[in-house]
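# An overview of the molecular structure
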Amino acid sequence: MLSMRALECLVAIVDRGSLTKAAAVLRMSQPALSHQIAAVERELGTPVIERLARGIRPTAAGLAVAAEARVALAAAERATRAGRRVAAGRGGRIRIACAETMTAWVLVPVLRDWRRRFPDVELDLKEYTSADRMQELLAAGGADLAVGPQPTRIDEHTEVLGQEEIVVVAAPEHRFAGLGAVPLAELAAEPLVHYHRGNGLSVWMDRLAAQRGVVLPRPALRTASPRTAAQLAAAGMGVTMVPFSALTPWPDATIRSLDPPELRDVVVSIAAPHDGLLRRFTGDLGRRGLPSSCLGELKSLSSAAGG
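Reading guide: rules and limits
- Residues numbered from 1 in each chain as written.
- Predicted model: local features only at pLDDT ≥ 70, side-chain atom pairs only at ≥ 80, totals over all residues.
- Heavy atoms only, no water.
- Axes fitted to C-alpha atoms, helices over the stretch in contact; angles between N-to-C directions.
- Helix = DSSP H or I, 4+ residues; strand = E, 2+ residues; numbered from the N terminus.
- Parallel < 35°, antiparallel > 145°, perpendicular 65-115°, else oblique.
- Contact = heavy atoms within 4.5 Å.
- Nonpolar A, V, L, I, M, F, W, Y, C, P; charged D, E, K, R; others polar.
- pLDDT = per-residue confidence, 0-100.
- Expected span 1.5 Å × (residues − 1).
- Buried < 20%, exposed > 50% of the residue type's maximum accessible area, 1.4 Å probe, protein only.
- Arc of directions from axis to C-beta.
- Polar contact = N/O pair within 3.5 Å; in protein donor to acceptor, adjacent residues only side chain to side chain.
- Pairing = 2+ DSSP bridges.
- Salt bridge = Lys/Arg side-chain N within 4 Å of Asp/Glu carboxyl O.

### Digging into the packing of helix H1 (residues 4-16) against helix H3 (residues 30-44)
Between H1 and H3, the least distance of the axes is 9 Å, while the angle of their chain directions is 105 degrees. Considered as vectors, H1 and H3 are oriented roughly perpendicular to each other. In this structure, H1 contributes Arg 5, Ala 6, Cys 9, Leu 10 and Ile 13 to the contact, and H3 contributes Leu 33, Gln 36, Ile 37 and Val 40. Looking at the contact of H1 with H3 residue by residue, the class counts come to 7 nonpolar, 1 polar and 1 charged.

### What about the confidence of the model for the protein chain?
When pLDDT is averaged along the protein chain, the result is 91, and 97% of the positions lie at 70 or above. Contacts of residues 301-305 to residues separated by more than four positions or lying in other chains number 1 contact, the stretch itself having pLDDT below 50.

### Concerning H3
Since the α-helix turns once every 3.6 residues, residues separated by three or four places project in the same direction. A rise of 1.5 Å per residue sets the reference length of H3, with its 15 residues, at 21 Å; its end C-alpha atoms lie 21 Å apart and thus fit the reference within 8%. Among the residues of H3, Leu 33, Gln 36, Ile 37 and Val 40 are the ones counted as buried. For H3, the angular spread of buried residues about the axis comes to 95 degrees, placing them on one side. Facing away from the buried surface of H3 by more than 90 degrees, the exposed residues are Pro 31, His 35 and Arg 42. Residues of H3 that are buried sit in contact with H1, helix H2 (19-26) and strand E1 (49-52). Between the side-chain oxygen of the N-cap and the backbone nitrogen of Ala 32 there are 3.2 Å, and the N-cap of H3 in question is Ser 29. Positioned one or two residues after H3, Gly 45 has a phi angle of 75 degrees, which is positive.

### Regarding the side chain of Ser 257
The residue Ser 257 is located in strand E11 (residues 254-270) in this model. A polar contact is formed between the side chain of Ser 257 and the side chain of Glu 165, at a distance of 2.6 Å. Not counting the four nearest positions on each side in its chain, Ser 257 is found in contact with Glu 165, Ala 181, Val 182 and Leu 295.

### Overview of the pairing of strand E5 (residues 145-149)
Of all 5 residues that make up E5, 5 are buried, and the element is covered over most of its length. Pairing between strand E3 (residues 93-99) and E5: 3 bridges, direction parallel. Across the sheet, residue Cys 98 finds its bridge partner in E5, namely Val 147. Relative to E11, E5 is paired through 5 bridges, and the arrangement is antiparallel. Within the sheet, the bridge partner assigned to Ala 146 lies in E11 and is Ser 269.

### What to know about the pattern of salt bridges
Any two side chains of opposite charge can pair if their charged atoms end up close together. Under the counting rule described, the total for this entry stands at 18 salt bridges. The salt bridge partner of Arg 116 is Asp 113, with a shortest N-O separation of 2.6 Å. Here Arg 116 and its partner Asp 113 are both found in helix H5 (residues 103-117), 3 residues apart, which amounts to about one turn of the helix. Owing to a relative accessible area of 61%, Arg 116 belongs among the exposed residues under this scheme. Put simply, Asp 113, Arg 116, Arg 117, Asp 284 and Arg 287 are held in one network by salt bridges that share partners.

### So, unusual backbone geometry
Each neighbour pair has its own omega, and for Thr 248 with Pro 249 the value is 0 degrees, a cis peptide bond. A cis geometry characterises the amide bond from Asp 259 onward to Pro 260, with omega recorded as 0 degrees. Mapped onto the fold, Pro 260 is located in strand E11. Although it is not a glycine, Arg 27 adopts a positive phi angle of roughly 55 degrees. Note that Arg 27 resides in the loop between H2 and H3.

In structure tokens form, the structure reads like this:
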């Protein structure tokens, strides 16, 4: 296949009518230019120029190739400009997969800022309830980056944005309101709002219980959404555990830390870590960091405000 450089050389010769002038325009030696033209002729199996006493003359094949070469070179130039525009934030598309509790909690400030600063960049957002599902999507080329809890297996470049607490939620008048923190074993005697199997928190809760030697009760009901789980618990349907990011808006409920507290990493996974546009977006995520992400931080802020 002909290289873009060889095509560029042929077009320069046809346009200038001279090897000397074409070499000067291309800033290359005449032997190097002749080498490129020889490569074109070997590929085509026919001459593309005739050398005359006063310059050169393109053959019919040379003229035909030069006409198509101009189209190809123009397309290559447009492709180069498009790539540079995207790298500079003046175009392109970022496909974002995000844990559904973290869109408003983490992403919205950055999305708003990007809409203002880079209006020509298309931002495509889809929400999920499983970090492993988002990881599969990245690996299959269905997303460019994913924001959520740490997946079970990491196949892509991943950066930690921070940690969020997993908290216990119950009705306002529940006995947990009298506790400073709730040992996991206390949930064993309570009706439990659990998660559907497709939600990553379902496996996480069962695994945590096994690690702490606690047998969780049979679920009173299951839901796909941590926000819904918090609302159901607040309404007295049972007790549940939710990530801190699910507490938006803040429910009228009893909310307590586990004893001992349980934290999980919040990460951004990137399909192409050297992509300039993605690096700029994830850099903004990292610089902004996480908002308040555990009960202890809120208590500290309340104390500071009160003092």
